[in-house]
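# Structural overview
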Amino acid sequence: MSRTAESEAETARIRRNWALATPALLLLFAGAAGPLLVVVVYSFLTPGDYSGVEWDFTFDAWVQILFARDIFDDTLRLADAHLTIFWRSVKLSLLTTLACFAFGFPTAWFIATRDRRQRGLWLFLITIPFWTNLLIRTFAILEVVRNQGLLNTALMKLGVISTPIQILYTDTAVLIGMAYVYLPLMVLPLYAAIDRFDFRLLEAGYDLYASRWQVLRRIVLPIVKPGIVAGSILVFVPSLGAYVTPRVLGGGKNMMIGNFIELQFGQGRNWPLGSALAMVLLVIVLVALLAYVRAANRTGGVDVH
Amino acid sequence: MDSSAAVEARHATKTYGQGSAAVTALDDVSVAIAKGEFFTLLGPSGCGKTTLLRLIAGFETPTSGQILLHGADITADPPNRRKVNTVFQSYALFPHLTVTQNVGFGLQMLGRPKAEVAATAAEMLALVRLEDFADRRVSQLSGGQQQRVALARALAPRPEVLLLDEPLSALDLKLRKQMQLELKRMQTETGITFVFVTHDQEEALTMSDRIGVMSGGRILQIGTPRDIYNDPTSRFVADFIGETNFIDARIEGGAAILPDGTRIDIASGDGQGRPAAGPATLTIRPEQVRLTDPGAGVPAQVRQCVYFGTDTHCHLALPGGETIVARLQNPPGGSVALTTGETVHIAFPPGALRVLEA
């Protein structure tokens, strides 16, 4: 067969494959981009009187994200409440990620250093909460942290405190709840990274005068970094949009972006603002992801073998 | 023991597991390695040589006994407090660092100034001839180059003792030969005490000042390569180093008597631990077996001859039926002319024949 005939056959093959994949690609595109497009369009419309939207093009929803219009003189001022919610969401999500790492790293290390036959069992135990409904898990945490709950009762019985600590309906409760709910998402990628780690490097580190802390910081953490990045993203992103956990454990007051968006589509009856907020959330997530991935690449991206 | 030793093990014993499942990896080993010496621990896998190395490095603590570095007891010190560095069998290079960063790691951990770390790293890379690869990642290097980086990394902090755990085993034959010479050169240039672990007897013979032959968790014999090869004190050492023949015999009145009554004269005043009378094993290297004129020596029948280029390997049956191998050098342009079934006469030069315990 001549070279041109060969390449023609190759071209025909590629064209046929594309044709075969087209229906699936169209469905994927419509399914992924379609709803997003609806949200984008809605964010530029006027809220309807009871719900839904009126087809009047306006930037109002986008303005309302950061500014509130004074009822009396129609001037704009910064919407402090909104900024507080944004800030709380980002702060709590970062703290959740940190907490998940602090608990997840030793856990993943523990599992990865067990006998190979035992690891499956340990991983299964880690994922068990996943088989339970999120709402039920959240109420379980509520039962632990409430004033007459497990934690306070135990502390009072032990005589550590005399009156219950108010944890429920504070940011701390939301943090505890989210860290508990998202912990497996940190443990699994960390485990995968530590499992690939060559433990002989630890001896090489000690041999070259590194202390345990230096071995951890200079050798282990840089090498398992891809796992840390993956785990952090998997925890941070859903934390930022968390809805059930802050609702149940934070009470009505300590809202996060997720609850705030829900409010706009429910009682607030401001679908355009809800849509605009959803877009803002998406942008924050994308920016955070980009920043993280770039930081990870800059400081010694590990060659994957 | 010698107090000028660079590193010394005193009655070092290492047992893994407990009770009936206990395995003794190292059994009451005492050895003193002199400063500036190239010392090789040689033995088959599972003989305890790597365990001894790991005790010196500090990765394991002995069940009993002591490890001394320049006379100071370091048994309880963790590896990062011992002025000892290791070249690992797997190299264990840090994949996230460049070649230079790998080499400088030890000095950096010791808190040396940046300029000194950089200068020493460059100097070490020059020593192993890898100057052009300084900024590469280790995954971009060949096996032989990684080996050199491992060596430079371990040498950079100027350890008092360098431990090498079968560092050449992953290299191909040609590269291994070349690295053997380079290792010897570096050891001479740096003057650092090398403790080298290998199961390759040829490697041990070509590089070492002294060899400790190990088996079953014990050191059977310590000596120069020449001593170990020419004057093994046990059947195991004779068998493990090079090829050799074993002949069962009885010692009587300064001569060895073969089972069929043939008398062979042996050199008197042989080393300690050799039986002076009673059952014994005779050993002789194939290349030291000589043919002699009829009337002298021991008669033997040619069973088979195999041509090997420089020499011919002949299997010869002794009167008692035992077969020994003689490696006979071929004359220029020809080969040893022996035919199967022919009777020859073997001479055992007294210095070549060794008497061992049966």
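Criteria and cut-off values
- Residues numbered from 1 in each chain as written.
- Chains lettered and ligands numbered in written order.
- Predicted model: local features only at pLDDT ≥ 70, side-chain atom pairs only at ≥ 80, totals over all residues.
- Heavy atoms only, no water.
- Helix = DSSP H or I, 4+ residues; strand = E, 2+ residues; numbered from the N terminus.
- Contact = heavy atoms within 4.5 Å.
- Areas by Shrake-Rupley, 256 points an atom, 1.4 Å probe, with all protein chains shown as cover.
- Lys, Arg positive; Asp, Glu negative; His and termini not counted.
- Charge placed at Lys NZ, Arg CZ, Asp CG, Glu CD.
- 1 Å grid on protein atoms, 1.4 Å probe; cavity = no way out; pocket = protein on both sides within 12 Å on 5 of 7 lines; lining within 4 Å.
- Points joined across faces, edges and corners; volume = space filled by probe spheres on them.
- Nonpolar A, V, L, I, M, F, W, Y, C, P; charged D, E, K, R; others polar.
- Disulfide = S-S within 2.5 Å.
- Buried < 20%, exposed > 50% of the residue type's maximum accessible area, 1.4 Å probe, protein only.
- Pairing = 2+ DSSP bridges.
- Buried area = accessible area lost by both parts, 1.4 Å probe.
- Salt bridge = Lys/Arg side-chain N within 4 Å of Asp/Glu carboxyl O.
- pLDDT = per-residue confidence, 0-100.
- Axes fitted to C-alpha atoms, helices over the stretch in contact; angles between N-to-C directions.
- Parallel < 35°, antiparallel > 145°, perpendicular 65-115°, else oblique.
- Left-handed = near helix turned anticlockwise from the far one by under 90°.
- Patch = residues over 30% accessible without salt bridge, like charges linked within 9 Å, V, L, I, M, F, W, Y side chains within 5 Å.
- Phe/Tyr/Trp six-rings, centres within 6.5 Å; stacked < 30°, edge-to-face > 60°.
- Lys NZ or Arg CZ within 6 Å of the ring centre and 35° of its normal.
- Expected span 1.5 Å × (residues − 1).
- Polar contact = N/O pair within 3.5 Å; in protein donor to acceptor, adjacent residues only side chain to side chain.

## Here's the deal with the overall build of chain B
Of the regular secondary structure elements, chain B holds 8 helices and 20 strands. When the backbone C-alpha atoms are referred to their principal axes, chain B occupies close to 80 × 55 × 35 Å. Taking contacts inside chain B between residues at least 6 apart in sequence as the whole, the part at least 24 apart equals 67%. Roughly 15700 Å² of accessible area belongs to chain B as shown, and the carbon and sulfur atoms make up 49% of that amount. Looking at chain B, you have 33 positive and 38 negative side-chain charges, and the mean spots of the two groups are 6 Å apart.

## Overview of empty space enclosed by the protein
All names here are of chain B. As enumerated under the stated definition, the model contains 4 cavities of 30 Å³ or more in all. The computed volume of the largest cavity comes to approximately 50 Å³. Contributing to the lining of the largest cavity are Tyr-229, Asn-230, Pro-232, Thr-244, Thr-283, Ile-284, Arg-285, Gln-288, Ala-352 and Arg-354. Within the residue set of the lining of the largest cavity, elements represented by two or more residues are helix H7 (225-230) and strand S14 (278-284). Split into classes, the residues belonging to the lining of the largest cavity amount to 4 nonpolar, 4 polar and 2 charged.

## A closer look at the state of the cysteines
Residue and element names in this part refer to chain B. As enumerated under the stated definition, the model contains 1 disulfide over all chains in all. Cys-305 shares a disulfide with Cys-314; S-S distance 2.4 Å. Residues Cys-305 and Cys-314 are joined by a disulfide whose S-S torsion is about 105°; by sign, that bridge is right-handed. You can call Cys-305 partly exposed: its relative accessible area is 29%.

## Details of the pairing of strand S2 (residues 23-34) of chain B
Residues and elements named next belong to chain B. Bridging between strand S1 (residues 5-16) and S2 involves 8 bridges; their strand directions are antiparallel. The residue bridging Lys-14 from the neighbouring strand is Leu-26, located in S2. From the end of S1 to the start of S2, which pair antiparallel, there are 6 residues, and Gly-17 there has a positive phi angle of about 75°.

## Concerning the sheet that holds strand S5 (residues 72-73) of chain B
All names here are of chain B. Overall, antiparallel pairing links the 4 strands, which are arranged S2-S1-S4-S5 in an open sheet. Each end of this open sheet is capped by a strand with a single partner; those strands are S2 and S5. Taken together, the 5 bridges between S1 and strand S4 (residues 64-69) define a ladder with antiparallel strand orientation. The residue of S4 that forms the bridge with Val-7 is Leu-69.

## Focus on the interface of chain A and chain B
At the interface, 21 residues of chain A touch 26 residues of chain B. Summing both sides of the interface, chain A and chain B together bury roughly 2200 Å²; the carbon and sulfur share of this comes to 62%. Counting the surface chain A buries against chain B, the share from its top three residues, Asp-207, Leu-208 and Tyr-209 of chain A, is 37%. Between chain A and chain B we count 1 salt bridge in total. One salt bridge connects Arg-54 of chain B with Glu-203 of chain A, and the closest N-O pair in it is separated by 2.6 Å.

## Thoughts on the environment of Ser-89 of chain A
Residues and elements named next belong to chain A. On the secondary structure map, Ser-89 appears in helix H3 (residues 80-112). On the basis of relative accessibility, which here comes to 0%, the residue Ser-89 falls in the buried class. In the structure, Ser-89 is positioned 43 residues away from Thr-46 in sequence and 27 Å away in space, judged by C-alpha atoms.

## Considering the confidence of the model for chain B
Taken residue by residue, chain B gives an average pLDDT of 90. The fraction at 70 or more is 97%. Predicted complex, confidence summary: ipTM 0.84, pTM 0.82.

## Topic: the pattern of salt bridges
In total, this model carries 27 salt bridges over all chains according to the counting rule given. A salt bridge links Asp-195 of chain A to Arg-116 of chain A; the shortest N-O distance between them is 3.5 Å. Of this pair, Asp-195 of chain A sits in helix H7 (residues 171-196) while Arg-116 of chain A sits in helix H4 (residues 116-127), and the two are 79 residues apart along the sequence. What makes Arg-116 of chain A exposed here is its relative accessible area of 59%. Residue Glu-182 of chain B pairs with Arg-185 of chain B through a salt bridge whose shortest N-O separation is 3.2 Å.

## What about the confidence of the model for chain A?
Keep in mind that low pLDDT regions are not for reading the predicted coordinates in detail. Residue and element names in this part refer to chain A. When pLDDT is averaged along chain A, the result is 89, and 97% of the positions lie at 70 or above. No element of chain A has a lower mean pLDDT than strand S3 (residues 67-69), at 80, and none a higher one than helix H8 (residues 200-207), at 96. For residues 300-305, every residue scores under 50 in pLDDT, and the model assigns this stretch 9 contacts once sequence neighbours within four places are set aside.

## Description of the packing of helix H9 (residues 212-223) of chain A against helix H2 (residues 99-109) of chain B
At a closest axis distance of 13 Å, the pairing of H9 of chain A and H2 of chain B adopts a crossing angle of 155°. On the basis of the axis angle, H9 of chain A is roughly antiparallel to H2 of chain B. Viewed along their axes, H9 of chain A and H2 of chain B form a crossing whose handedness is right-handed. Contact residues: Gln-214, Arg-218 and Ile-219 of chain A in H9 of chain A; Phe-105, Gln-108 and Met-109 of chain B in H2 of chain B. Taken together, the residues of the contact of H9 of chain A with H2 of chain B sort by class into 3 nonpolar, 2 polar and 1 charged.

## Overview of a nonpolar patch on the surface
Taken together, the side chains of Phe-110, Leu-121, Trp-122, Phe-124, Leu-125, Ile-128, Phe-130 and Trp-131 of chain A define a hydrophobic patch exposed on the protein surface, amounting to about 790 Å² of accessible area. With respect to the helices, strands and loops of the structure, Phe-124 of chain A is situated in helix H4.

## Focus on the packing of aromatic side chains
Throughout the structure, instances matching the rule amount to 17 aromatic pairs over all chains. Of the aromatic side chains, those joined through ring pairs into one cluster are Phe-101, Phe-105, Trp-109, Phe-197 and Phe-199 of chain A. Against the face of Phe-94 of chain B rests Arg-153 of chain B, its NZ or CZ located 4.7 Å from the ring centre. Sitting above the plane of the Tyr-229 of chain B ring, Arg-285 of chain B keeps its charged end 4.0 Å from the centroid.

## Digging into the sheet that holds strand S15 (residues 290-292) of chain B
Residues and elements named next belong to chain B. On the basis of which strands lie adjacent, the open sheet formed by 5 strands has the order S15-S19-S16-S17-S18 and antiparallel pairing. Bordering the open sheet on either side are S15 and strand S18 (323-329), each of which pairs with just one other strand. Direction aside, neighbouring strands of the sheet carry axes that sit 50° apart on average. Here S15 runs beside strand S19 (residues 343-347); their pairing, made up of 3 bridges, is antiparallel. The partner of Leu-291 across the bridge, within S19, is Ile-346.

## Observations regarding helix H5 (residues 134-145) of chain A
Helical geometry note: an α-helix holds 3.6 residues per turn, so side chains three or four residues apart project in the same direction. Residues and elements named next belong to chain A. Between its first and last C-alpha atoms H5 spans 17 Å; for 12 residues at 1.5 Å apiece the expected length is 16 Å, and the two agree. The inward-facing, buried residues of H5 contact helix H6 (150-157), H7 and helix H11 (244-249). For H5, the N-terminal cap is Asn-133; the gap from its side-chain oxygen to the backbone nitrogen of Leu-135 is 2.6 Å.

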